[in-house]
Amino acid sequence: MVVDSKKIFMELFLFLVVFAPPVFHFNIIFVLSLISVMGIAARRKRTLTLRGGWSLPLVACSLVYILAVVAMGELFGDASLEWNRLVFVYQLFVLIPLQFLCAYYVDIYAKENRLSFDGVADLCIMAGVMQSVLVVLSYLFPAVQSFFLNLMIYRGNKTVYENIGISSYRSYGFADTLLDTFGYGMGILAGCCLLKEKQSAFSLFSMAAILFSVAVNSRTGIAVFFVALFVKMVCNWRSYLQNGRCMVKLCAGGVLLVVVGIAFVHSKMFESQTVQWITAGFESVWSFFTGRKMQYRLGSMQNSLFGKDMWAVPERTVSLLFGEGHSIFGTKDALGVQSDVGYINYIWVCGIIGTALFLLAIGMVFFRCCRESRTKYEKQVMLFLAFSFFLVFIKGNVLTHTAGTFLTILCIVYIYRGRNQNRNWKKSRNQLTRTEGSRWI
């Protein structure tokens, strides 16, 4: 049996860049991006090129606009919000470009080894399975969870993991964060398993393991997974209607899922805080849509995400339109308001105009990737990523280094560069044909 050392290295690389476990006292993305730069330079190729028509220039103009608003706020705004502005600039203008570097490096490996989009997805799914193994071990053995928690407290986010109220019923695994953005990434990986045209035993096992990791850590990933289910049903409804067997399997799976969910919610066999937290999340969402007021309990979202304070916008018209150059994430003491909602935070940074311009640019990138997708799987995954991005942006700011953000960037880079290489190959072939034809004149 031949061991592919390059593949093992790339799977480990993807595990580190996706989940960013706190191995150092700083974000490991800096080390990984340095490895990526050296790997790109070793090829001596013009790899850092993307041609996206109007979509990428619009993204660049939006970034310049946002940076200008933040700079104006730094010069003329409240000095107490200086750190808030620096963090925002660091997330958008440092962490996002570093993720692009790592994505280029992975894409180079994929192109050199002739990996298809499915092959790259399998590498990412394997990284999710590796994390799922750590999650299961942490869930089954408290000593393992304590070991990882101590590392994450010592080298990671102390304010989160020192909170006994959180670590007592979640925080299983080893990553930079095991909260909403963790669910965003793991939900994407589970969705990629679901969207495969041919389901193997390994892909089903991977999907189950990843979904378990989502359930005990971040319920946001369950919503992301349902987005994948919706995309699969919409894109394949004709085949389901034509193929009676597929329709029966789909209905049976849906009924089984509903029955198991109802039994799980009402069962008295599961009294752990983790299970109570999971069921409370479903109950609070159900209560929100049915209009029933629910008492706050462990995991209830009605007093958090659906609360009025989370959707506070600037009162001045100028600030509402053009922003104030800072977010309101963690500004309860400074401003009296705070919010986790990504849309609201960007409205505070660059206003409705800047937010609309930026999200339009991102939407155009997704649209172009969907249009340029060469396989059915690519198209469905890009649709899934687009819907997931705009959905999770409600829950928090994902335009930073998160598991789901990197996976999205990697898919975009793969499709953009694959399209450009295909066009360059066609151009070279046409030039060669014209040259050979001229010899006969």
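Shown above is the structure to which this text applies.
Residues numbered from 1 in each chain as written. Predicted model: local features only at pLDDT ≥ 70, side-chain atom pairs only at ≥ 80, totals over all residues. Heavy atoms only, no water.

**Student:** Which residues make up the packing of aromatic side chains, and what values do they have?
**Tutor:** Per the counting criterion, the structure on display carries 21 aromatic pairs. Centroid distance F24 to F26: 5.2 Å. Interplanar angle 5 degrees. Geometry classified as stacked. Residue F24 is classed as partly exposed on the basis of its relative accessible area of 34%. Exposure remark for F26: the relative accessible area of 47% places this residue in the partly exposed category. Taken together, a centroid distance of 5.6 Å and an interplanar angle of 15 degrees make the contact between F389 and F393 stacked. In this pair, F389 and F393 are both assigned in helix α18 (residues 376-395), four residues apart and thus about one turn of the helix distant. One aromatic cluster is present, built from ring pairs that chain together F88, Y343, Y346, F358, F366, F389, F390 and F393. Across from the ring centre of Y414, 3.9 Å away, lies the NZ or CZ of K111, which sits over that ring. (Phe/Tyr/Trp six-rings, centres within 6.5 Å; stacked < 30°, edge-to-face > 60°. Buried < 20%, exposed > 50% of the residue type's maximum accessible area, 1.4 Å probe, protein only. Helix = DSSP H or I, 4+ residues; strand = E, 2+ residues; numbered from the N terminus. Lys NZ or Arg CZ within 6 Å of the ring centre and 35° of its normal.)

**Student:** Describe in detail the packing of helix α1 (residues 5-19) against helix α2 (residues 29-43), supporting the description with residues and values.
**Tutor:** Interaxial distance between α1 and α2 falls to 10 Å at its minimum, and their mutual angle equals 140 degrees. On the basis of their axis angle, the class for α1 and α2 is oblique. As α1 runs across α2, the sense of the crossing is left-handed. Seen from α1, the contacting residues are F9, F13, L16 and V17; seen from α2, they are I29, L32, I35 and S36. Looking at the contact of α1 with α2, its residues break down into seven nonpolar, one polar and no charged. (Axes fitted to C-alpha atoms, helices over the stretch in contact; angles between N-to-C directions. Parallel < 35°, antiparallel > 145°, perpendicular 65-115°, else oblique. Left-handed = near helix turned anticlockwise from the far one by under 90°. Contact = heavy atoms within 4.5 Å. Nonpolar A, V, L, I, M, F, W, Y, C, P; charged D, E, K, R; others polar.)

**Student:** Give me the environment of P21: which residues, what numbers.
**Tutor:** With respect to the helices and strands, the residue P21 is situated in the loop between α1 and α2. Separated by 155 residues in the primary sequence, P21 and D176 have C-alpha atoms spaced 4.8 Å apart. Setting aside chain neighbours within four positions, we find P21 in contact with F15, L16, I28, F174, A175 and D176.

**Student:** Can you lay out unusual backbone geometry for me, pointing to particular residues and giving the numbers?
**Tutor:** Positioned with a positive phi, A20 is a non-glycine residue whose angle comes to about 45 degrees. Along the chain, A20 turns up in the loop between α1 and α2. Phi at R114 takes a positive value of approximately 55 degrees, unusual for a residue other than glycine. Taking the relative accessible area as the measure of exposure, R114 reaches 79% and is therefore exposed.

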